Amino acid sequence: MIRLFRLRKYLTSNLHHPIAFSTLLHHYVHHQDSRSPGKSHLFTAAIFDSRGNPTVEVDLYTEKGRFRAAVPSGASTGVHEAVELRDGDKSAYVGKGVINAVANVNDTIAPALIQSDLKVTQQKEIDDFLIKLDGTPNKGKLGANAILGVSIAVADAAAAEKGVPLYQHLAELAGVKPPYVLPTPAFNVINGGSHAGNKLAFQEFMLLPTGASSFTEAMKIGTETYHTLKKVISAKYGIDAVNVGDEGGFAPNVSGAEESLELLTEAIRKAGYEGKIKIALDVASSEFYKEGKYDLDFKNPNSDPTKWISGVQLADLYIGYINKYPIVSIEDPFDQDDWEAWSHFTAKAGIQIVGDDLTVTNPLRIKTAIEKKACNGLLLKVNQIGTISESIQAAQLAQSDGWGVMTSHRSGETENTLIADLVVALGAGQIKTGAPARSERVAKYNALLRIEEELAGNSSYAGERGLSAGSTWPALIQK
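Residues numbered from 1 in each chain as written. Predicted model: local features only at pLDDT ≥ 70, side-chain atom pairs only at ≥ 80, totals over all residues. Heavy atoms only, no water.

**A closer look at the sheet that holds strand S19 (residues 430-432)**
Stated precisely, the cut-off is as follows: Two strands pair under a simple rule: DSSP has to find at least two bridges between them. The way it works is that DSSP assigns letters per residue, a run of H or I at least four long becomes a helix, a run of E at least two long becomes a strand, and they are numbered from the N terminus. Contacts: residue pairs with any heavy atoms within 4.5 Å of one another. Between the N-to-C directions of two axes lies an angle of 0 to 180 degrees, each axis being a line fitted to C-alpha atoms and, for a helix, fitted only over the stretch in contact.
A sheet is described by the order of its strands in space; here nine strands give the open sequence S9-S19-S18-S17-S16-S15-S12-S11-S10, paired in mixed fashion. Both edges of this open sheet fall to strand S9 (184-185) and strand S10 (187-191), since each of them pairs with a single strand only. Docked against the sheet, helix H8 (residues 339-349) engages strand S15 (327-331) and strand S16 (352-355), running at close to 150 degrees with respect to S16.

Following this line, the structure appears as C-alpha cells:
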C-alpha cells in the first residue's frame, strides 16, 4: 500500500556551526505493518520537480536556522554530464526514484561532513571534500544530485553566517567586486525538440530584451511580447497551440525553424519592440544526430535518411537564419562530439556560439573547446558538474578566453532560486530560465527583481554587454 507522508531524520553535531542534514526522497512510501492493519510504522520523504519526477532536497541546519536546497534535472542531457543518480526501479516512478541518492546524503555524506570539522563558510574545502568522498571522475558513486544539494545548502548557510545576501557571498567566493550587473533574460517562448510534441527539431527559440534599461524593464518587454506571441499563435494555429511546455513556452505545430522565427519577429513587431529584442536559439542538435548526419525530421519514425544533412550543410542553414533574423546566440548547434563542425561554424558565424552538451560545465571539456576554438559561450548549469565551486571555476575559465556565460535552469526545475544569485555574483550578464510563465521559472525572475530593488540603483543592466560575438569578447569582461 502506497501513500504520501513525510518523515525527517536529523543528524546533529557539536561543531562551531552545528550542521544537520535532512534529505527528502523523491517518493513517499508508506509501509503498513502486516501485524497491525491500518497502522504505519515506516515513512520516507520526498519532493518532486516541475515535471513530476522525484528529486533531491537537502535541509542543512546551523545556529542561524534551516537552509534548504533542491536539485533540478534535465531532459536533453549531455553524455558527458556528471551522473544524476536514479534508482532505475521501473516499478517506482518509472525508474526515476532517488532513494539511493537520498540515502547517500543521510548515511554517507552527512556523517562524514559532520566529522570533518569544516565550517559552512569553507565552500571550496567542503566541495573538494564531497568530490573526494565520491571518488569517481563523474560523481557516479554518490550522485551529482546528492552532492549538489549539499553544496547549494552550504552556500546558503554561509551567506547567513556572514550576514550578507547569497549573491554577495557567491561574488566574494568568485572574487567579483561590486557594482553588480543584472543579467539579460533569455525567455524560451517557442518549444521544439525533446521539449515538445510538434515536428520542430530545434529545441528552444528565445527572446532577449537587450534594449531594456533595467532588469525590471526587460521583464516588462519580455512579458508583453510573450502575451503578444500567444495571440499571434492562437490566431494562426488555434487555441490548443498555446498550451505551455515544460519551460513555459508554446509548442505550435510549425513546419520548421523559419516558421518559428517568423512568429517571433511578428510578435516583436506587434508588441512594439523592434530593435529592443534579439533572438537566441538552443538547437540541442545531439538529439537528432544520427550516423554522422543531422536529421531535422527526427520525430518522424519513418524519417528519410537521404534527407539527413552534414554539419557543413547545417552550418549554412544557420548562417542563412543569422543573415535574415536578429539572432545573437545559438546554443548546441552540433552534436556534443562533432568538434570539427563546431570549430568550422564558430569561425564563420560572427555571433555567440554556446556550448551546453559540448562543455557540460566541466573545466576539462571547456579547456578542450578553448584549444579547438569550438565555441565562444558557455551554458552554466550547476547540476551538470555538481558543486558550486566547480561551477564558479567553469565560468571563470570560459570568461578567461573571452566567452560569454549564460547561467541556466533545467527543464525539470524546483522553486530554488540559486541561479538568480549566481548570475549576479559572476557578473555574467545572461540567464535563461524559461518563459515568463510557470512558477518554478518565474521564481528566478522574481528573485532578480528583488535583487535589483535591493541594490537600489547600485547596479547596471547587462543588455548586450554579456554576449560574445565572433572573436569579440563580451563588453562586461573586455581585456
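**Notes on the side chain of Asn104**
Let me state the cut-off plainly: In the analysis that follows, any N or O atom pair within 3.5 Å is treated as a polar contact, provided that within protein one partner can donate a hydrogen and the other can accept it, and provided that, for residues neighboring in sequence, both atoms belong to side chains.
Locating Asn104 in the fold gives a position in helix H1 (residues 99-115). Polar contacts involving the side chain of Asn104 include one to the main-chain carbonyl oxygen of Leu142, which spans 3.0 Å.

**Focus: the nonpolar core**
Note the following rule: In this text, buried Ala, Val, Leu, Ile, Met, Phe, Trp, Tyr and Cys residues form a nonpolar core when linked through side-chain atoms within 4.5 Å. Three labels apply to residues, based on accessible area from a 1.4 Å probe with only protein chains included: buried if under 20% of the type maximum, exposed if over 50%, partly exposed otherwise in between.
Formed by 124 residues in total, the largest nonpolar core has its most connected members in Phe202, Ile327, Ile330 and Phe345. Of all the elements, helix H3 (residues 144-162) adds the most residues to this core, at eleven residues. In this structure Ile327 touches Leu261, Ile279, Leu281, Tyr321, Ile322 and Ile351, once residues within four positions along its chain are discounted. Counting nine residues, the second largest nonpolar core, distinct from the first, contains Met206, Ala280, Met406 and Leu467.

**Some details on H1**
Spelled out, the test is: A helix's residues, less one, multiplied by 1.5 Å, set its expected span.
For H1, built from 17 residues, the straight-helix expectation of 24 Å at 1.5 Å per residue is met to within 8% by its first-to-last C-alpha distance of 24 Å. Along H1, the residues classified as buried are Ala101, Val102, Asn104, Val105, Asn106, Ile109, Ala110, Ala112, Leu113 and Ile114. Following H1 by one or two positions, Asp117 has its phi on the positive side, about 65 degrees.

**Topic: the packing of aromatic side chains**
Put simply, the rule reads: For Phe, Tyr and Trp, where Trp contributes only its six-membered ring, two rings pair if their centres lie within 6.5 Å, and the inter-plane angle classes them as stacked under 30 degrees, edge-to-face over 60, or tilted in between.
Tallying each qualifying case throughout the model produces 16 aromatic pairs. Ring geometry for Phe202 and Phe288: centres 6.5 Å apart, planes at 15 degrees, overall stacked. Of this pair, Phe202 sits in the loop between S10 and strand S11 (204-208) while Phe288 sits in the loop between strand S12 (278-282) and strand S13 (289-290), and the two are 86 residues apart along the sequence. For the pair shown, Phe202 and Phe288 are each scored as buried.

**Describing the pattern of salt bridges**
Keep this limit in mind: The salt bridge definition used is simple: a Lys or Arg side-chain nitrogen within 4 Å of an Asp or Glu carboxyl oxygen.
Counted by the stated rule, this structure contains 23 salt bridges. When salt bridges with common partners are traced through the structure, they connect Glu204, Asp282, Glu331 and Lys432 into a single cluster.

**Considerations on the side chain of Ser285**
Residue placement: Ser285 occurs in the loop between S12 and S13. A polar contact is formed between the side chain of Ser285 and the backbone oxygen of Pro333, at a distance of 3.1 Å. Every residue in contact with Ser285, bar those within four places of it in the chain, is listed here: Tyr294, Asp332, Pro333, Phe334 and Asp335.

**Focus: unusual backbone geometry**
Pro179 follows Pro178 through a cis peptide bond whose omega is 5 degrees. As for its position among the elements, Pro179 is in the loop between helix H4 (166-174) and strand S8 (180-182). Positive phi values are uncommon outside glycine, yet Glu291 reaches one of about 50 degrees. Residue placement: Glu291 occurs in the loop between S13 and strand S14 (293-294). Take Glu291: its relative accessible area is 77%, and that puts it in the exposed class. The phi dihedral of Thr361 is positive, around 50 degrees, even though this residue is not glycine. Examined against the element boundaries, Thr361 turns out to sit in the loop between S16 and helix H9 (363-372). Residue class for Thr361 comes out buried when judged on its relative accessible area of 0%.

**Quick look at the environment of Leu142**
Examined against the element boundaries, Leu142 turns out to sit in the loop between helix H2 (123-134) and H3. Considering only alpha carbons, one finds Leu142 and Ala101, 41 residues apart in sequence, at a separation of 6.4 Å. The residues contacting Leu142, other than those within four sequence positions of it, are Leu85, Ala101, Asn104, Thr108, Ile109, Leu130, Leu133, Asp134 and Ile147.

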